[in-house]
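Residue-level listing of the chains:
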Amino acid sequence: QVQLSESGGGLVQTGASLRLSCVASGRAFNAMGWFRQAPGKEREFVTAMSYTGARISYADSVKGRFTISRDNDKNTIYLQMDSLKPEDTAVYYCAADREYGFSTSVGEYDYWGQGTQVTVLS
(Lines give C-alpha, C1' and ligand atoms only; values in the text may rest on other atoms or scores of the structure.)
Protein backbone atom coordinates (compact mmCIF):
# COMPACT_ATOMS: atom_id res chain seq x y z
CA GLN A 1 0.00 0.00 0.00
CA VAL A 2 1.39 3.37 -1.00
CA GLN A 3 1.54 6.09 1.60
CA LEU A 4 3.06 9.54 1.61
CA SER A 5 3.62 11.19 4.94
CA GLU A 6 4.66 14.83 5.34
CA SER A 7 6.15 16.54 8.34
CA GLY A 8 7.86 19.79 9.24
CA GLY A 9 5.16 22.43 8.92
CA GLY A 10 4.65 25.13 11.50
CA LEU A 11 4.05 28.74 12.41
CA VAL A 12 6.88 31.16 11.65
CA GLN A 13 7.61 34.83 11.15
CA THR A 14 8.26 36.48 7.80
CA GLY A 15 11.79 35.76 6.65
CA ALA A 16 12.12 32.53 8.57
CA SER A 17 12.91 29.08 7.20
CA LEU A 18 11.22 25.71 7.39
CA ARG A 19 12.10 22.28 6.07
CA LEU A 20 9.39 19.88 5.04
CA SER A 21 9.93 16.15 4.65
CA CYS A 22 7.88 13.51 2.89
CA VAL A 23 8.46 9.80 3.27
CA ALA A 24 7.00 7.48 0.65
CA SER A 25 6.26 3.88 1.52
CA GLY A 26 5.14 1.02 -0.68
CA ARG A 27 7.21 1.71 -3.78
CA ALA A 28 9.73 4.06 -5.33
CA PHE A 29 8.60 6.85 -7.63
CA ASN A 30 10.06 8.79 -10.48
CA ALA A 31 8.64 12.29 -10.21
CA MET A 32 7.76 13.56 -6.77
CA GLY A 33 6.80 17.04 -5.86
CA TRP A 34 5.25 19.57 -3.56
CA PHE A 35 1.99 21.42 -4.02
CA ARG A 36 0.16 23.86 -1.78
CA GLN A 37 -3.35 25.06 -1.19
CA ALA A 38 -4.28 28.29 0.52
CA PRO A 39 -7.78 28.88 1.94
CA GLY A 40 -10.26 29.61 -0.83
CA LYS A 41 -7.76 28.86 -3.57
CA GLU A 42 -7.02 25.94 -5.84
CA ARG A 43 -4.14 23.58 -5.18
CA GLU A 44 -1.06 24.86 -6.98
CA PHE A 45 2.29 23.51 -8.06
CA VAL A 46 5.34 24.46 -5.98
CA THR A 47 8.17 22.21 -7.16
CA ALA A 48 8.97 18.75 -8.49
CA MET A 49 12.01 16.58 -9.03
CA SER A 50 12.67 13.46 -11.08
CA TYR A 51 14.23 10.36 -9.54
CA THR A 52 17.78 11.22 -10.55
CA GLY A 53 17.38 14.93 -10.06
CA ALA A 54 18.01 15.55 -13.73
CA ARG A 55 14.69 17.38 -13.98
CA ILE A 56 13.63 19.98 -11.44
CA SER A 57 10.97 22.61 -11.78
CA TYR A 58 9.87 25.46 -9.50
CA ALA A 59 6.91 27.78 -9.55
CA ASP A 60 7.99 31.34 -10.29
CA SER A 61 6.69 32.46 -6.91
CA VAL A 62 9.21 30.31 -5.02
CA LYS A 63 12.26 30.36 -7.29
CA GLY A 64 15.38 31.36 -5.41
CA ARG A 65 13.73 30.79 -2.03
CA PHE A 66 12.68 27.14 -2.02
CA THR A 67 14.84 24.10 -2.74
CA ILE A 68 13.67 20.57 -3.39
CA SER A 69 15.88 17.57 -2.74
CA ARG A 70 15.47 13.84 -2.32
CA ASP A 71 17.16 10.88 -0.73
CA ASN A 72 16.23 7.83 -2.78
CA ASP A 73 17.74 5.41 -0.28
CA LYS A 74 15.23 6.71 2.25
CA ASN A 75 12.45 7.21 -0.33
CA THR A 76 12.16 10.75 1.01
CA ILE A 77 11.86 14.18 -0.52
CA TYR A 78 12.48 17.48 1.19
CA LEU A 79 11.45 21.06 0.70
CA GLN A 80 13.75 23.69 2.16
CA MET A 81 11.83 26.95 2.38
CA ASP A 82 13.80 30.12 3.06
CA SER A 83 12.80 33.77 3.20
CA LEU A 84 9.22 32.80 3.86
CA LYS A 85 6.48 35.31 3.12
CA PRO A 86 2.88 35.56 4.37
CA GLU A 87 1.70 34.57 0.89
CA ASP A 88 3.44 31.21 1.36
CA THR A 89 0.84 30.35 4.00
CA ALA A 90 -0.95 27.19 2.89
CA VAL A 91 -1.31 23.49 3.43
CA TYR A 92 1.62 21.84 1.70
CA TYR A 93 1.12 18.46 0.06
CA CYS A 94 3.65 15.91 -1.08
CA ALA A 95 2.73 14.09 -4.29
CA ALA A 96 4.05 11.23 -6.38
CA ASP A 97 3.52 10.25 -10.00
CA ARG A 98 3.22 6.49 -10.63
CA GLU A 99 4.12 6.93 -14.28
CA TYR A 100 7.52 7.79 -15.67
CA GLY A 101 6.89 11.25 -16.98
CA PHE A 102 7.52 14.60 -15.35
CA SER A 103 4.75 17.06 -14.77
CA THR A 104 3.86 20.21 -12.87
CA SER A 105 0.15 19.53 -13.14
CA VAL A 106 -1.95 18.54 -10.13
CA GLY A 107 -3.91 16.09 -12.27
CA GLU A 108 -0.84 14.08 -13.25
CA TYR A 109 0.01 13.04 -9.71
CA ASP A 110 -1.54 9.86 -8.38
CA TYR A 111 -0.62 9.74 -4.72
CA TRP A 112 -0.92 12.46 -2.12
CA GLY A 113 0.06 12.97 1.46
CA GLN A 114 -2.30 14.30 4.11
CA GLY A 115 -0.75 17.76 4.03
CA THR A 116 1.12 19.87 6.54
CA GLN A 117 0.20 23.42 7.51
CA VAL A 118 2.66 26.24 6.98
CA THR A 119 1.69 29.62 8.41
CA VAL A 120 3.87 32.69 7.93
CA LEU A 121 3.06 35.68 10.10
CA SER A 122 3.59 39.20 8.84
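Data block above holds the structure.
Numbering of residues starts from 1 in each chain and follows the order in which that chain's sequence is written. Whole-chain, interface and lining totals are the exception, using all residues; otherwise, since this is a predicted model, local features are given only for residues with pLDDT of at least 70 and side-chain atom pairs are given and counted only at 80 or more. In computing side-chain values, all of the structure's heavy atoms are included and hydrogens and water are not.

(A) Broad picture of the state of the cysteines. Sulfur atoms of two cysteines make up a disulfide when they are within 2.5 Å. What the rule picks out here adds up to 1 disulfide. In this model, Cys 22 is linked to Cys 94 through a disulfide, with the two sulfur atoms separated by 2.0 Å. On the S-S bond that ties Cys 22 to Cys 94, the torsion sits near -75°, and the link is left-handed. With Cys 22 in strand 3 (residues 18–25) and Cys 94 in strand 9 (residues 90–96), the pair connects residues that are 72 residues apart, well separated along the chain. Buried, partly exposed and exposed residues are distinguished by accessible area as a fraction of the type maximum, computed with a 1.4 Å probe on protein chains only: under 20%, between the cut-offs, and over 50%, respectively. Residue Cys 94 is classed as buried on the basis of its relative accessible area of 0%. Secondary structure elements are taken from DSSP: a helix is a run of H or I of four residues or more, a strand is a run of E of two residues or more, and numbering for both begins at the N terminus.

(B) Broad picture of the nonpolar core. Of all hydrophobic cores here, the largest spans 33 residues; its most connected members are Leu 4, Met 32, Trp 34, Phe 66, Leu 79, Met 81 and Tyr 92. Of all the secondary-structure elements, those providing two or more residues to this core are strand 3, strand 4 (32–37), strand 5 (44–49), strand 7 (66–71), strand 8 (76–81), strand 9 and strand 11 (116–121). The biggest single contributor to this core is strand 9, with 5 residues. By definition in these notes, contact holds between two residues if any of their heavy atoms fall within 4.5 Å. Each residue touching Leu 4, except ones within four places of it in the same chain, is listed here: Cys 22, Val 23, Ala 24, Phe 29, Met 32, Cys 94, Ala 95, Ala 96, Tyr 111, Trp 112, Gly 113 and Gln 114. Residues enter a nonpolar core if they are buried and are Ala, Val, Leu, Ile, Met, Phe, Trp, Tyr or Cys, with the set joined through side-chain atoms within 4.5 Å.

(C) Representation of the packing of aromatic side chains. Aromatic pairs are defined between Phe, Tyr and Trp rings, using the six-membered ring for Trp, whenever the two ring centres lie within 6.5 Å; interplanar angles under 30 degrees are classed as stacked, those over 60 as edge-to-face, and all others as tilted. Summed over all chains, the structure comprises 6 aromatic pairs. An angle of 80° between the planes, with centres 6.5 Å apart, marks the rings of Tyr 93 and Trp 112 as edge-to-face. Taken together, the residues span a long stretch of sequence, with Tyr 93 in strand 9 and Trp 112 in strand 10 (residues 111–112) at a distance of 19 residues. Residue Tyr 93 is classed as buried on the basis of its relative accessible area, which comes to 13%.

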